[in-house]
Amino acid sequence: MTAASTGPGDLDSASSAPLHPAAREVLLAALDRGYADPRRLHRAGREARLLLDNAREATADALGVRPDEVTFTPSGTHAVHLGLLGLVRGSRRGTRVVHSPVEHSAVRHAVAWGAEGDDRAVHVDRQGRVDGGSLVEDACSPHVGVVALQTANHEVATLQPVGELELPNDVPLFTDACASMGRLPLPDGWAAAAGSAHKWGGPAGVGVLLVRKRARWRNPFPGDDRVDERSTGFENVPAVLAAAASLQAVVAERDEVNARQHELVDVVRRRVAAEVPDVEVVGDPEHRLPHLVRFSCLYVDGEALVTELDRLGFGIASGSACTASTLTPSHVLEAMGVLTHGNVRLSLQRGTTRADVDAFCDALPGVVAEIRSRVGL
Amino acid sequence: MSPAHEVALELDCRDLPCPMPVIELARHLADVEVGELLAVVAHDPAAAVDVPAWCRMKRQEYVGADAADDGAPRYVVRRVRVGSS
């Protein structure tokens, strides 16, 4: 028997959360029941179709949208690409995309591949909050087909003013909701949105694309002849159903979980700022995702920090330039003007306790001091 | 671009990876007098963000970016108080 690969020290749910218990049972049952092609009219096909339709309805219900607005994709990234580029393709105004400088790389890559656009005119403050006024102003310039703004930032947790934007007529909004879907209700005002199941405790390989009924969306990629006209390829029915079951469970328990996690993150923010010298806790302290916090330690190599904390049983993410293969700093932290090295992104699991958080906070000052002592600081 | 500021000390961090340029800056701050300028020359793209962020955290003054004689990016800091690392 090998040691469990996850445990109370896994504090990286924002990268991927373990399967929610509600999803596990559903997945196991659906593996046997939902293998067939949901387009076929025979018994096994009808069974798969039933499960797929159930998943769509449960997802729509959990998110407060219509079932025919829900499309399952092979990943959150693919949902972002489809959602954003489909609005660009459907636009009558142009192919320029106005987006914030703190969007996920999936948005930036989609724009670079299939549209035009830059983020230079859109302001972001030191806490990572996008200035909606500058976004709207830029959206009024010629040839703007789509505006893109995330619901919440995936690196620093700050919530964005998605529902407050007063965009010019005909300019649709794409919102990347991957960091918040399930955990928080969707904001208003978007034409298309994207989410990712493995971030809410569903299986990996399931993304959710939402396209509003009246939105002008055209498939930017080759089409297919599946059940859903926006999707391509054979549906992973068991995984999709498990993702929907997990989403329902997460939505049902989120008031309790969010309140608990918000408080635990407050503990981390307070203790790290008080107990580690030369550290900066970033992101909005209040208007944020409940489960995620980021801080930067001066003079510390991010890779060393990840390695040493892992040795002590803590799994955290670091977006430090020092750990990235490209050696370029995080564009999010760069836009905020905060330290790009020595970063820790800690994101709680649904079962993380006060004792787990305290154990991390107890260990951190010694780890940081030891790494700093290697360079004589 | 070329040097726009007269500095008392220039630190050659051209080939150092992140976060070494900022570490060198902290180590050598006390080598200049309060009121004098020191500069970090670094190709590390993180230095463009981290040197100003360091100044803010350590309450020193970030003067701006120019370039060393060979054109390498250079970040200029004014020591405005005694505190160092």
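From a predicted model like this one, the values you see are computed outputs, not experimental measurements.

Q: Even after reading the chapter, I still don't get the overall build of chain A, so can you show me in this structure?
A: Counting secondary structure elements, chain A contains nine helices and nine strands. For 377 residues, the compact-globule formula gives about 21 Å, and the C-alpha radius of gyration of chain A, at 21 Å, lands near that figure. Oriented by its inertia axes, the alpha-carbon framework of chain A measures out at about 70 × 60 × 35 Å. The 377 residues of chain A split such that 54% are buried. Residue pairs in contact within chain A that sit at least 24 positions apart in sequence constitute 71% of those at least 6 positions apart.

Q: Just to check I follow, could you spell out the pairing of strand 3 (residues 61–67) of chain B for this structure?
A: Two faces, one strand: in a regular strand the side chains alternate between the faces of the sheet. Sheet analysis places strand 3 of chain B next to strand 4 (residues 73–78) of chain B, joined by six bridges and oriented antiparallel. The residue bridging Ala67(B) from the neighbouring strand is Pro73(B), located in strand 4 of chain B.

Q: I tried to follow helix 2 (residues 43–63) of chain A on my own but got confused; where do I start?
A: Two residues of an α-helix separated by three or four positions point the same way, owing to the 3.6 residues in each turn. Residue and element names in this part refer to chain A. For helix 2, which comprises 21 residues, the first-to-last C-alpha distance of 30 Å matches the rise-based estimate of 30 Å (1.5 Å per residue) to within 8%. Those residues of helix 2 that fall on the buried side of the exposure criterion are Ala 48, Arg 49, Leu 51, Leu 52, Ala 55, Arg 56, Ala 58, Thr 59, Ala 62 and Leu 63. Just past helix 2, the residue Gly 64 takes up positive phi, approximately 75°.

Q: It is not clear to me how the sheet that holds strand 5 (residues 192–196) of chain A should be interpreted in this structure. Could you clarify?
A: Picture the strands of a sheet paired through backbone hydrogen bonds; they go either parallel or antiparallel. All names here are of chain A. The strand order across the open sheet formed by six strands is 1-6-5-4-3-2, and the pairing between neighbours is mixed. Bordering the open sheet on either side are strand 1 (70–73) and strand 2 (96–99), each of which pairs with just one other strand. For this sheet, the mean inter-axis angle between neighbouring strands, taken without regard to orientation, is 20°. Both strand 3 (residues 144–148) and strand 4 (residues 173–176) contribute to a ladder of two bridges, which runs parallel. Paired with Val 147 across the bridge in strand 4 is Leu 173.

Q: Is there a simple way to think about the interface of chain A and chain B in this case?
A: Often the size quoted for an interface is simply the accessible area lost on bringing the parts together. Across the boundary between the two partners, chain A contributes 20 residues, which contact 15 residues of chain B. Looking at the side of chain A that touches chain B, its residues break down into 11 nonpolar, five polar and four charged.

Q: Before we go on, may I ask you to explain the domain arrangement of chain A in this structure?
A: Residue and element names in this part refer to chain A. Per the domain assignment, the segments making up chain A are domain 1 (21–249) and domain 2 (254–374). If you average the C-alpha positions of domain 1 and of domain 2, the two centres end up 28 Å apart. Taken together, the contact between domain 1 and domain 2 spans 17 residues of the former and 21 residues of the latter. Across the side of domain 1 that touches domain 2, the residue classes tally to eight nonpolar, five polar and four charged.

Q: It is not clear to me how the nonpolar core should be interpreted in this structure. Could you clarify?
A: Within soluble globular proteins, side chains that are nonpolar generally end up buried alongside one another. In terms of nonpolar packing, the biggest core is built from 142 residues, with Leu84(A), Val147(A), Val240(A), Leu241(A) and Val40(B) touching the most fellow members. Sorting elements by how many residues they give to this core places helix 6 (residues 237–275) of chain A first, with 16 residues. For this core, the domains that each give at least three residues are domain 1 (21–249) and domain 2 (254–374) of chain A. Among all residues touching Leu241(A), those that are not within four sequence positions of it are Val26(A), Ala30(A), Gly34(A), Leu51(A), Asn54(A) and Ala55(A).

Q: Can you help me understand the sheet that holds strand 2 (residues 37–41) of chain B in this one?
A: All names here are of chain B. Strands sit in the order 1-2-4-3 across an open sheet of four strands; the sheet is mixed. Here the strands that pair on one side only, and so sit at the sheet edges, are strand 1 (9–12) and strand 3. Taking each pair of neighbouring strands and ignoring which way they run, the sheet shows an average axis angle of 20°. One ladder, built from four bridges, connects strand 1 with strand 2; its direction is parallel. Residue Leu 11 lies in a different strand from strand 2, and its bridge partner there is Val 40.

Q: Just to check I follow, could you spell out the environment of Val368(A) for this structure?
A: Turning to its location among the elements, Val368(A) is positioned in helix 9 (residues 354–374). When the C-alpha atoms of Val368(A) and Val107(A) are compared, they prove to be 34 Å apart, with 261 residues separating the residues in sequence.

Q: Sorry, what's going on with the packing of helix 2 of chain A against helix 6 of chain A here?
A: When two helices pack together, you describe them by how their axes are tilted relative to each other and by the distance separating the axes. All names here are of chain A. Running from amino to carboxyl end, helix 2 crosses helix 6 at an angle of 25°, the nearest separation of the two axes being 9 Å. Here helix 6 runs roughly parallel to helix 2, going by the angle between their axes. For the crossing formed where helix 2 meets helix 6, the hand is left-handed. Every residue of helix 6 that contacts helix 2 at Ala 48, Leu 51, Leu 52, Asn 54, Ala 55, Ala 58, Thr 59 and Ala 62 is listed here: Val 237, Val 240, Leu 241, Ala 244, Leu 247, Gln 248 and Val 251.

Reading the values: the criteria
- Residues numbered from 1 in each chain as written.
- Chains lettered and ligands numbered in written order.
- Predicted model: local features only at pLDDT ≥ 70, side-chain atom pairs only at ≥ 80, totals over all residues.
- Helix = DSSP H or I, 4+ residues; strand = E, 2+ residues; numbered from the N terminus.
- Rg over C-alpha atoms; globule rule 2.2 N^0.38 Å.
- Buried ≥ 20, exposed ≤ 12 C-beta atoms within 10 Å, placed from the backbone.
- Contact = placed C-beta atoms within 7 Å.
- Pairing = 2+ DSSP bridges.
- Expected span 1.5 Å × (residues − 1).
- Axes fitted to C-alpha atoms, helices over the stretch in contact; angles between N-to-C directions.
- Nonpolar A, V, L, I, M, F, W, Y, C, P; charged D, E, K, R; others polar.
- Domains from an automatic or database assignment.
- Core = buried A, V, L, I, M, F, W, Y, C linked by C-beta atoms within 7 Å.
- Parallel < 35°, antiparallel > 145°, perpendicular 65-115°, else oblique.
- Left-handed = near helix turned anticlockwise from the far one by under 90°.

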